[in-house]
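For reference, the chains in residue letters:
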Protein chains: 2
Amino acid sequence: MSATLRELQRPGALAGLKVLDLSRFIAGPHCAMVLADLGAEVTKVERTRGGDDTRAFAPMVEDESVYFMVFNRNKHSLTLNFRDARGQELLRQLIGRADVLVENFRPGTMEQMGCDWQTLHRLNPRLIMARISGYGQSGSIASEPCFDALAQASTGLMDMTGQPDGPPTMCGTYVVDYCTALYATIGILSALAHRQQAGEGQLVDVSLMGSAVSLLMTAIPEQMLFGRTTTRRGNRDRYAAPAQMFKTRDGAWLYLIAGGDAHFPRLVRVMERPDLLEDPRFATLKARMDNVTAIEAIVAGWVGEHDSDEIISKTRAVDLPCAKVASIADLVANPYMRETAHITTVVHPKAGGIPMQGLPIRLSESPASIRNSAPMLGADTEVVLKNWLGFSDSQVAQLRSQGIV
Amino acid sequence: MSATLRELQRPGALAGLKVLDLSRFIAGPHCAMVLADLGAEVTKVERTRGGDDTRAFAPMVEDESVYFMVFNRNKHSLTLNFRDARGQELLRQLIGRADVLVENFRPGTMEQMGCDWQTLHRLNPRLIMARISGYGQSGSIASEPCFDALAQASTGLMDMTGQPDGPPTMCGTYVVDYCTALYATIGILSALAHRQQAGEGQLVDVSLMGSAVSLLMTAIPEQMLFGRTTTRRGNRDRYAAPAQMFKTRDGAWLYLIAGGDAHFPRLVRVMERPDLLEDPRFATLKARMDNVTAIEAIVAGWVGEHDSDEIISKTRAVDLPCAKVASIADLVANPYMRETAHITTVVHPKAGGIPMQGLPIRLSESPASIRNSAPMLGADTEVVLKNWLGFSDSQVAQLRSQGIV
């Protein structure tokens, strides 16, 4: 039996944990998907008409959204009419059986559906309710709309990214959505640890803005203590020099890190420029930071006179961190990615095999697993209603005929 | 009594969890700090000479590194000579009493110190060992050096960030380090949930590369299924249009999101351009994506004829997501940040009050808390040796005189 098959048979770390995922887009769905990959039983609850908005997002394979598939694997899908009072009652019944609820509606929406925290906590004292929003559940601007890009814009992240002579620039992926998803997951698992001791669930409140601010390294103290505004500086590292992207003779970009006092002498050796170590402008990290333009110019000149393969083999020989800037085409051609399952293929019942990123958490005894593709809309409505709530065929049929599920 | 004081008296969700943090730089320290903020008892184990490299990183306040403070609050510090066999033996004794061990040495280093997983697991079957590395603990390139910027470079993230006519660009913060820290934290807490059931600890293996790849949205399937390479496109959203950064008449940058079919009609209303909804180039999301340059040009023209305050008040009135691109100076002046404790001040015994980002996870019943600043090097060596291992004054004094601690 292959290792993979054996691993699939071991239950995941979160096996038995029942999660309702009411969320849409990325921050909520990625959180619930991480829980699912780790073994939780996750049921995505979607509106009857069309489900999660992202089911309509391009690109499509066989009319199924790849975007949706990437954020919703390993989940079940149940549809429910959120606007109907009977749908809301059914939702509360399901919540009564859940360990965890994840939602990222605008603050106030759950309340309007009769699913405020007080009610849910009374209904199910062990429930952990994770609420993901732009600005948090309370405060002066809680009800304003927010998305990843607005959080990047409002917190300085956008102003800190880009070339020094260019405009503020978004990170090439939705970093804030992803980090918010991960903080929410940590909040849920911490609440689970607390429940194990105290017996009760609790409310987990995570916001895009708070998550974005958490990523700012030393920018806040530098501003508030020294009045120094951290802003964009291209590919120049903020804390060590030289650490920068350079162009090779054969036209490739290399990222080279030789800023620290352990690394710089190795670069000097590779460049055969021992004089640089004697030069007071470059002898210490502090001196190199003060003369960063000069040292980068010297390294850029040397890199520009050599081909990328030669530089990579020379830096590797002295254990100096250096890598080619890869395109996504390069990435998928890198055998390391398949070898490590950072890229894996998930088979969708309609769209077929979809290659995508894996979960980057390896657990030796209760491994994560990718068991199923993202569900078709409402594929598990009947099974969940029967298993969770003991509904009969005719009860399910009635709910369906009334448009409640 | 203020709410803050009351919260400080409630134990955190992870109270009682004993963590040894052997890690340096960001990915490991941020992971252990999140655990500490959530209530765990975290002891950072540092080499006797100088401790974590980042203690020497600028900027400094009273010779104390702000960088170190931002990633190591709420921890204790114990020093230990990792190269001495007696230091390694002492380390194993401490590990025997720990619930969690976090390390981000190069793979092989723990083994060289007699702290391989087999040994540690035998020594303490309940131990959860989190190993953070560039490429994972095994595989063809596990021993190569890696840092955040190399992971951004090697996975396509750098190629995906930046202006379309400019070079590949790093994200303005160490997104990969941060995300790796968060995935490691999730791995630890999942292992804790498993231990609660099964009684045994396990190995958690998280890598910078795997974490970076996990952030790539639909880039991998788009490449592998359609041969379409996702690359940088400035501030243009990838899945909806118009969602872009625009310059106002008064010279500010605004980020405006009006791509979805729910949002676009609101923009049209604000712009008083109902004709756009009738225009087949812009009537649907798909059409707007196909004609993104045209619709952006129209919006850019309108934004350029208005001042930012006017646009923000008008978009707010119709609930359209729009925000000014803020600098870090703007961020720290925003009262919302203090109101929500996204920015908080931590008092260091030597450096005084240091404003910094908080933990963006709010738990209603077992709240996270910032109880202490980052520790001075070795400040808690004696207390930890006495409390964890029952050492006497003279035993501690002997270890000190021998240079082992």
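Keep in mind it's a predicted model, so treat the numbers as computed, not measured.

## Let's talk about the overall build of chain A
No. 1: A tally of helices and strands in chain A yields 19 helices and 14 strands.
No. 2: Seen through its principal axes, chain A has C-alpha atoms that stretch 85 × 55 × 40 Å.
No. 3: Taken across its 405 residues, chain A has 53% of its residues classed as buried.
No. 4: Intrachain contacts of chain A at a sequence separation of at least 6 include 68% that bridge at least 24 residues.

## Considering the relation of the copies chain B and chain A
No. 1: Superposition of chain B onto chain A requires a rotation of 180° combined with a translation of 0.0 Å along the rotation axis, giving an RMSD of 0.0 Å. Both copies of the chain, as the preceding transformation shows, are related through a two-fold rotation axis.
No. 2: Most of the interface of chain B is mirrored in chain A, where 100% of its interface residues are also at the interface.

## As for the domain arrangement of chain A
No. 1: By domain assignment, chain A separates into domain 1 (3-215 + 335-401) and domain 2 (243-247 + 253-324).
No. 2: A straight line from the C-alpha centre of domain 1 of chain A to that of domain 2 of chain A covers 44 Å.

## Let's talk about the packing of helix α2 (residues 27-37) of chain A against helix α8 (residues 175-198) of chain A
All names here are of chain A.
No. 1: At a closest axis distance of 8 Å, the pairing of α2 and α8 adopts a crossing angle of 45°. By the criterion of interaxial angle, the relationship of α2 to α8 is oblique. Relative to α8, the crossing made by α2 is right-handed. Of the residues in α8, those touching α2 at Ala 27, His 30, Cys 31, Val 34 and Leu 35 are Asp 177, Tyr 178, Thr 180, Ala 181, Ala 184 and Thr 185.

## A look at the packing of α8(A) against helix α8 (residues 175-198) of chain B
No. 1: Two numbers describe how α8(A) lies on α8(B): the axes approach to 10 Å, and their chain directions differ by 25°. For the element pair α8(A) / α8(B), the angle class is roughly parallel. As for how α8(A) packs across α8(B), the hand of that crossing is left-handed. Side by side, α8(A) and α8(B) meet where A:Val175, A:Tyr178, A:Cys179, A:Leu182, A:Tyr183, A:Thr185, A:Ile186, A:Leu189, A:Ser190, A:Leu192, A:Ala193 and A:Gln196 of the first sit next to B:Val175, B:Tyr178, B:Cys179, B:Leu182, B:Tyr183, B:Thr185, B:Ile186, B:Leu189, B:Ser190, B:Leu192, B:Ala193 and B:Gln196 of the second.

## Quick word on the environment of A:Ala351
Residue and element names in this part refer to chain A.
No. 1: Mapped onto the elements of the fold, Ala 351 is located in the loop between β12 (343-348) and β13 (352-357).
No. 2: For the pair Ala 351 and Ser 313, spaced 38 residues apart in sequence, the C-alpha separation works out to 42 Å.
No. 3: Leave out the neighbours within four places in its chain, and Ala 351 touches Val 61, Glu 62 and Glu 64.

## Section: the interface of chain B and chain A
No. 1: Listed as interface residues are 118 residues of chain B and, on the opposing side, 119 residues of chain A.
No. 2: Per-element accounting of the side of chain B that touches chain A gives the leading share, 15 residues, to α8(B).
No. 3: Partitioned by chemical class, the residues of the side of chain B that touches chain A number 72 nonpolar, 36 polar and 10 charged.

## Points about the nonpolar core
Across soluble globular proteins, you tend to see nonpolar side chains buried next to one another.
No. 1: Ranked by internal contacts, the top residues of the largest apolar core, which has 252 residues, are A:Leu35, A:Ala130, A:Val204, B:Leu35, B:Ala130 and B:Val204.
No. 2: For A:Leu35, the residues in contact, after removing those within four places along its chain, are A:Leu14, A:Leu17, A:Val19, A:Ala40, A:Val42 and A:Thr185.

## As for unusual backbone geometry
No. 1: Here the residue pair B:Ala58 and B:Pro59 is connected by a cis peptide bond, since its omega of -5° sits within 30 degrees of zero.
No. 2: Along the chain, B:Pro59 turns up in the loop between β2 (41-47) and β3 (60-61).
No. 3: Here the amide bond leading from B:Ala241 into B:Pro242 is cis, since omega sits at 0°, within 30 degrees of zero.
No. 4: We note that A:Glu272 has phi near 55°; this positive angle belongs to a residue other than glycine.
No. 5: You will see that A:Ala341, though not glycine, has its phi angle at about 60°, which is positive.
No. 6: With respect to the helices and strands, A:Ala341 occurs in the loop between α17 (335-339) and β12.
No. 7: For A:Ala341, a count of 17 C-beta atoms within 10 Å translates into the label partly exposed.

## Examining helix α4 (residues 85-96) of chain A
Residue and element names in this part refer to chain A.
No. 1: Taking 1.5 Å of rise per residue, the 12 residues of α4 would be expected to cover 16 Å, and the 17 Å separating its terminal C-alpha atoms lies within 8% of that figure.
No. 2: Three or more residues of α4 are buried, namely Gly 87, Leu 90, Leu 91, Leu 94 and Ile 95. One face of α4 carries all of its buried residues, which in axial projection span an arc of 145°. Those residues of α4 that are exposed and angled more than 90 degrees off the buried face are Ala 85 and Glu 89.
No. 3: Check the buried side of α4 and you find it contacts β1 (18-21), β2 (41-47), β5 (75-80), β6 (100-103), α6 (117-123) and α18 (381-389).

## Digging into the sheet that holds strand β9 (residues 243-247) of chain A
Strands belonging to one sheet form pairs held by backbone hydrogen bonds; the direction of such a pair is parallel or antiparallel.
All names here are of chain A.
No. 1: Spatially, β9-β10-β11 is the arrangement adopted by the three strands of the open sheet, whose pairing is antiparallel. What marks the edges here is a single partner per strand, and that holds for β9 and β11 (322-324). Each strand of the sheet is rotated relative to its neighbour by a mean of 20°, with strand direction disregarded.
No. 2: Sheet topology places β9 next to strand β10 (residues 253-257); five bridges connect them, and they run antiparallel. If you follow Met 245 over to β10, its bridge partner there is Tyr 255.
No. 3: In the packing of helix α14 (residues 292-304) onto the sheet, contacts are made with β9 and β10, and the angle to β9 comes to roughly 35°.
No. 4: Along the sheet face, helix α15 (residues 308-317) touches β10 and β11 and points at about 155° away from the line of β11.

## Things to note about the pairing of β13(A)
All names here are of chain A.
No. 1: Two strands pair when backbone bridges link them, and β12 and β13 are joined in this way by six bridges, in the antiparallel orientation. By the bridge assignment for β13, Thr 344 is matched with Met 356.
No. 2: What sits between the antiparallel neighbours β12 and β13 is a turn of three residues.

## As for the sheet that holds strand β6 (residues 100-103) of chain B
No. 1: An order of β14(A)-β8(B)-β7(B)-β6(B)-β1(B)-β2(B)-β5(B) is seen for the seven strands of this open sheet, with the pairing classed as mixed. A single partner strand is all that each edge strand has here, and the edge strands are β14 (362-363) of chain A together with β5 (75-80) of chain B.
No. 2: In this structure, β2(B) lies alongside β5(B), joined through six bridges in parallel fashion. Residue pairing across strands places B:Val45 opposite B:Leu78, the latter belonging to β5(B).
No. 3: Packing against the sheet, helix α4 (residues 85-96) of chain B makes contact with β1 (18-21), β2, β5 and β6 of chain B, and its axis sits at approximately 150° to β5(B).
No. 4: Packed on one face of the sheet, α8(B) meets β14 of chain A together with β6, β7 (128-133) and β8 (203-207) of chain B and runs near 160° to β7(B).

## Regarding the environment of A:Thr155
Residue and element names in this part refer to chain A.
No. 1: Note on placement: Thr 155 falls in the loop between α7 (148-154) and α8.
No. 2: A tally of 30 C-beta atoms within 10 Å means that Thr 155 is categorised as buried.
No. 3: A sequence separation of 180 residues divides Thr 155 from Pro 335, and the C-alpha atoms of the two residues are 37 Å apart.

## As for helix α15 (residues 308-317) of chain B
Residues and elements named next belong to chain B.
No. 1: Along α15, the positions that sit buried rather than exposed are Ser 308, Ile 311 and Thr 315. The buried side chains of α15 occupy one side of the element, clustering within an arc of 65° when seen end-on. Opposite the buried face of α15, by more than 90 degrees, sit the exposed residues Asp 309, Glu 310, Ser 313 and Ala 317.
No. 2: Buried residues along α15 sit against β10 (253-257), α11 (264-271), α14 (292-304) and β11 (322-324).
No. 3: Just downstream of α15 lies Asp 319, where phi reads positive at about 60°.

## Regarding the pairing of β6(A)
Residues and elements named next belong to chain A.
No. 1: Residue alternation in β6 divides its side chains into two sets, Val 100 and Val 102 and Leu 101 and Glu 103, and both sets are buried.
No. 2: Note: β1 against β6, three bridges, orientation parallel. Considered in β6, the bridge of Leu 20 is made with Leu 101.
No. 3: As paired strands, β6 and strand β7 (residues 128-133) are joined by four bridges and run parallel to one another. The residue of β7 that forms the bridge with Val 100 is Ile 128.

## Looking at the confidence of the model for chain A
No. 1: Residues with a pLDDT of 70 or more make up 98% of chain A, whose mean pLDDT is 96.
No. 2: Confidence estimates for the predicted assembly give a pTM of 0.97 and an ipTM of 0.97.

Rules behind the numbers
- Residues numbered from 1 in each chain as written.
- Chains lettered and ligands numbered in written order.
- Predicted model: local features only at pLDDT ≥ 70, side-chain atom pairs only at ≥ 80, totals over all residues.
- Helix = DSSP H or I, 4+ residues; strand = E, 2+ residues; numbered from the N terminus.
- Buried ≥ 20, exposed ≤ 12 C-beta atoms within 10 Å, placed from the backbone.
- Contact = placed C-beta atoms within 7 Å.
- Least-squares fit on C-alpha atoms with pLDDT ≥ 70 in both.
- Domains from an automatic or database assignment.
- Axes fitted to C-alpha atoms, helices over the stretch in contact; angles between N-to-C directions.
- Parallel < 35°, antiparallel > 145°, perpendicular 65-115°, else oblique.
- Left-handed = near helix turned anticlockwise from the far one by under 90°.
- Nonpolar A, V, L, I, M, F, W, Y, C, P; charged D, E, K, R; others polar.
- Core = buried A, V, L, I, M, F, W, Y, C linked by C-beta atoms within 7 Å.
- Expected span 1.5 Å × (residues − 1).
- Arc of directions from axis to C-beta.
- Pairing = 2+ DSSP bridges.
- pLDDT = per-residue confidence, 0-100.

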